[in-house]
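Residue-level structural notes
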Amino acid sequence: TKKIAPTLWVALRRRKLVEYLPNEVRQHLFNIYLFNTLKNMDFKKQTTEVVRQLNSIGIEPILLKGSASLFVKTFDDPGSRMMVDLDILVPKKSAEECWNALGFLGYLPIKDSLDLRVDYQGNHHHLRPLYRPGKCGTVELHKDVLPTSAARILPTQLIWERAEAINQSGIVMSVPSPTHRVLHNLLHSSLINQTYVRGQISLQSLHELAMMQNLYQERIDWETIWQLMDKNGQTEILRSSLYLTNRLFGSPIPNRIDPTFSSAIHCARTRLQVRWSWLDQLVERIFWFSTENICDRYHCNDRFWSVTKGRIRFAGHVSCKYTSRAFNWIKQHLYLLYSSGIIIAINSAQNL
């Protein structure tokens, strides 16, 4: 995928295999890598400016996800990881003040898109994203590390308690502990982005997990991760993610978290969905009717009858849509048959 293209270029270059690529492919990968490297340099500069501004009002933020990788050498090459935004955790009680403070740097709030309207004023885990004209990506100031659905596994308070401070370029900030960085990666990809239930492979997330395993090694408390996942009934997500990372990137599987038969089945399923696009499309259509999708589409609660009514309503919408397509297809082909019949009749008459 495009998100992993810079990583692929770095890996091929390190193994001195770039010269064996076709010229067009080599140039394309290099262009993506070069652009991403320049973009990450801009992201790092933005992060420094944002943190300095937050420090000026007494806030020492925590860098999350890709933002942390800009200051903690997670990857061999700074251009490896592709990013689209900066995720920064600030104290919930000071979140609005921090958000307003970035306005002095020229940051502006993004507008709602027509197809996705998020209630940033409600209980959303981060404030409305900010962007600065002429700069890459957006800045997301988080009140909480994760949405409510995953926050019970990794509470924000735990992140604050175990964060590790770093001091670079005269600014003060922190990153989550190695254990929490790994757990955040697992939860965000598998649970929030639903790659596990959808049978999808997030190469970028799995590669980052492998890199963090290589970076932190014994500093990762796998027992704590297991206990937090087990307490919330999500151990199979943990097993399957580690098994996939092992199969794709050769990363070691921690002791006492051995893969199960279900982990192997999940791995086989993800590969089949990559190989057979129709299977992936079928799974996607099934998830059209998921509780989360119905609630987002019709702004209803997640109670049984509300979701059921939403599903019936959506089923009617889908039926009308595909019935209309089928009718148009039949009408188009009948017209073609009719036109062909006229042409044949005219030719026959001319021959007579």
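The text that follows walks through the structure, step by step, so that each part is easy to find. This structure is a prediction, so every number in the text was calculated from the model and none was measured. (Residues numbered from 1 in each chain as written. Predicted model: local features only at pLDDT ≥ 70, side-chain atom pairs only at ≥ 80, totals over all residues. Heavy atoms only, no water.)

Considering helix 2 (residues 23-56)
Spanning 34 residues, helix 2 covers 50 Å between terminal C-alpha atoms, matching the ideal 50 Å at 1.5 Å per step. Positioned one or two residues after helix 2, Gly-58 has a phi angle of 85 degrees, which is positive. (Helix = DSSP H or I, 4+ residues; strand = E, 2+ residues; numbered from the N terminus. Expected span 1.5 Å × (residues − 1).)

Regarding the side chain of Gln-213
Position of Gln-213 relative to the elements: it lies in helix 9 (residues 203-216). Relative accessible area serves as the criterion here: at 8%, Gln-213 is assigned to the buried category. Among the polar contacts listed, one links the side chain of Gln-213 to the side chain of Ser-251, at a separation of 2.7 Å. (Buried < 20%, exposed > 50% of the residue type's maximum accessible area, 1.4 Å probe, protein only. Polar contact = N/O pair within 3.5 Å; in protein donor to acceptor, adjacent residues only side chain to side chain.)

Focus: the packing of aromatic side chains
Under the criterion given, the structure shown has two aromatic pairs. With a centroid separation of 5.0 Å and 75 degrees between ring planes, the pair formed by Phe-304 and Trp-305 is classed as edge-to-face. Positioned over the ring face of Phe-71 is Lys-44, at 5.3 Å from the centre of the ring. (Phe/Tyr/Trp six-rings, centres within 6.5 Å; stacked < 30°, edge-to-face > 60°. Lys NZ or Arg CZ within 6 Å of the ring centre and 35° of its normal.)

Observations regarding the packing of helix 7 (residues 178-192) against helix 11 (residues 235-249)
Following both chains from N to C, one finds helix 7 and helix 11 inclined at 105 degrees, their axes separated by 11 Å at the closest point. Considering the angle they form, helix 7 stands roughly perpendicular to helix 11. Contacts between helix 7 and helix 11 pair Leu-186, Ser-190 and Leu-191 from the former with Ile-237, Leu-238 and Ser-241 from the latter. Of the residues contributing to the contact of helix 7 with helix 11, the split by class is four nonpolar, two polar and no charged. (Axes fitted to C-alpha atoms, helices over the stretch in contact; angles between N-to-C directions. Parallel < 35°, antiparallel > 145°, perpendicular 65-115°, else oblique. Contact = heavy atoms within 4.5 Å. Nonpolar A, V, L, I, M, F, W, Y, C, P; charged D, E, K, R; others polar.)

Some thoughts on the pattern of salt bridges
Note that side chains of opposite charge can pair when their charged atoms are close. Within this structure, the stated rule accounts for 10 salt bridges. For Asp-87, the salt bridge is made with Lys-65, and the minimal N-O distance between the two is 3.7 Å. One end of the pair, Asp-87, is in strand 2 (residues 85-89); the other, Lys-65, is in the loop between strand 1 (62-64) and helix 3 (66-69), with 22 residues separating them in the sequence. Take Asp-87: its relative accessible area is 3%, and that puts it in the buried class. Across the salt bridge formed by Glu-223 and Arg-256, the nearest N and O atoms sit 3.6 Å from each other. Residue Glu-223 is located in helix 10 (residues 222-231), and its partner Arg-256 is located in the loop between helix 11 and helix 12 (261-275); the two are separated by 33 residues in the primary sequence. Via salt bridges that share partners, Arg-81, Arg-181 and Glu-208 belong to a single interconnected network. (Salt bridge = Lys/Arg side-chain N within 4 Å of Asp/Glu carboxyl O.)

With respect to the environment of Cys-267
Within the element layout of this structure, Cys-267 appears in helix 12. Measuring from C-alpha to C-alpha, the distance between Cys-267 and Met-212 comes to 21 Å, with 55 residues separating the pair along the chain. Excluding residues that lie within four positions of it along the chain, Cys-267 makes contacts with Tyr-243, Leu-244 and Arg-247.

Quick notes on the pairing of strand 7 (residues 171-175)
Among the five residues in strand 7, four count as buried, and that is most of the element. Where strand 6 (residues 164-168) lies against strand 7, five bridges are found, and the strand directions are antiparallel. Counterpart to Asn-167 in the pairing with strand 7 is Val-172. The loop that links strand 6 with its antiparallel partner strand 7 comprises two residues; one of these, Ser-169, has a positive phi angle of about 55 degrees. (Pairing = 2+ DSSP bridges.)

Focus on the environment of Leu-203
Along the chain, Leu-203 turns up in helix 9. On the accessibility criterion, Leu-203 (26% relative accessible area) is partly exposed. Expressed as a C-alpha distance, the spacing of Leu-203 and Thr-37, which sit 166 residues apart in the sequence, is 19 Å. If we skip the residues at most four places from it in the chain, Leu-203 touches Ile-4, Leu-248 and Phe-249.

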